[in-house]
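# Survey of secondary and tertiary structure
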Amino acid sequence: MTPRSAGTSAHGAKLKRCGMARACLQAVKYLMFAFNLLFWLGGCGVLGVGIWLAATQGSFATLSSSFPSLSAANLLIITGAFVMAIGFVGCLGAIKENKCLLLAFFLLLLLVFLLEATIAILFFAYTDKIDRYAQQDLKKGLHLYGTQGNVGLTNAWSIIQTDFRCCGVSNYTDWFEVYNATRVPDSCCLEFSESCGLHAPGTWWKAPCYETVKVWLQENLLAVGVFGLCTALVQILGLTFAMTMYCQVVKADTYCA
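Model, not experiment: these values are computed from the prediction.

### Looking at helix α5 (residues 151-163)
- Here α5 contains 13 residues, and its C-alpha end-to-end distance of 18 Å stays within 8% of the 18 Å for a straight helix at 1.5 Å per residue.
- Looking only at α5, the buried set comprises G152, L153, T154, A156, W157, S158, I160 and Q161.
- Turning to α5, the residues buried within the fold contact α4 (127-142), α6 (174-179) and α7 (209-219).
- R165 sits one or two positions beyond α5 and adopts a positive phi of about 55 degrees.

Shown next, in the form of structure tokens:
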């Protein structure tokens, strides 16, 4: 084989490798773009629900006195905005075939995944301490019920006590300290009527709200577990897409240089 034919053969092999690398890159590129577009749209949906709750319900589902900003609306807004940002970085990195953006997307998603795993581990490791702190904090929050600027907390307690047929955090007597009298909110009544919370204890729900909600969560643990597993799988899929495309970009740059 002459040097010229050998060079032609090597050049042809290089072009073939380049073509294969580009074809693989294009396939992964569009898959990752579609994945991140859905990811971004999901973030838009969560953000939209959060904004709607904030606009129509105020600080809806705020129960903590220590963390008054920790409302359902604020959590949804923060989560939605963060998911949108990650999805945007992923979409842009995929369509531009940019290694820096792909690496940024991978690191952001990995950080979220590790943070969620850490929170889950700490939650199960310190369940008893979290239980005690949560009950103490919720009891402090009862003193804000019905006060000015705490519409969200008031609505949240009214909904919980009505829907779960419970009263107070650990006992209906928790409300006695709030009112300095033998009375409870009207949402504690077996049959709702104006000022029914002033009637005898026999007309009120007796179940403690904390334990009632906790039992409900335990009964629906399978649904919570499935949701958590699906979330983890989506994140692992995103990490796989990001790393695969990053490697394909590097490979294409090497073969097609």
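### Some words on the packing of helix α3 (residues 99-125) against helix α8 (residues 221-255)
- Between α3 and α8, whose axes approach to 9 Å, the crossing angle comes to 155 degrees. Between α3 and α8, the angle falls in the class roughly antiparallel. For the element pair α3 and α8, the recorded crossing hand is left-handed.
- Taken together, the residues of the contact of α3 with α8 sort by class into 17 nonpolar, three polar and three charged.

### Regarding the UniProt feature "transmembrane region" (unreviewed entry) in the chain
- UniProt records the feature "transmembrane region" (unreviewed entry) at residues 30-55, 75-95, 102-126 and 221-242, using the numbering of this structure.
- Taken end to end, residues 75-95 is 100% helix and 0% strand, and its two terminal C-alpha atoms sit 30 Å from one another.
- What you have in residues 221-242 is 100% helix and 0% strand, and the ends, taken at the C-alpha atoms, are 31 Å apart.

How each quantity is defined
Residues numbered from 1 in each chain as written. Predicted model: local features only at pLDDT ≥ 70, side-chain atom pairs only at ≥ 80, totals over all residues. Heavy atoms only, no water. Helix = DSSP H or I, 4+ residues; strand = E, 2+ residues; numbered from the N terminus. Expected span 1.5 Å × (residues − 1). Buried < 20%, exposed > 50% of the residue type's maximum accessible area, 1.4 Å probe, protein only. Contact = heavy atoms within 4.5 Å. Axes fitted to C-alpha atoms, helices over the stretch in contact; angles between N-to-C directions. Parallel < 35°, antiparallel > 145°, perpendicular 65-115°, else oblique. Left-handed = near helix turned anticlockwise from the far one by under 90°. Nonpolar A, V, L, I, M, F, W, Y, C, P; charged D, E, K, R; others polar. UniProt positions renumbered as here; feature names shortened; annotations may be inferred.

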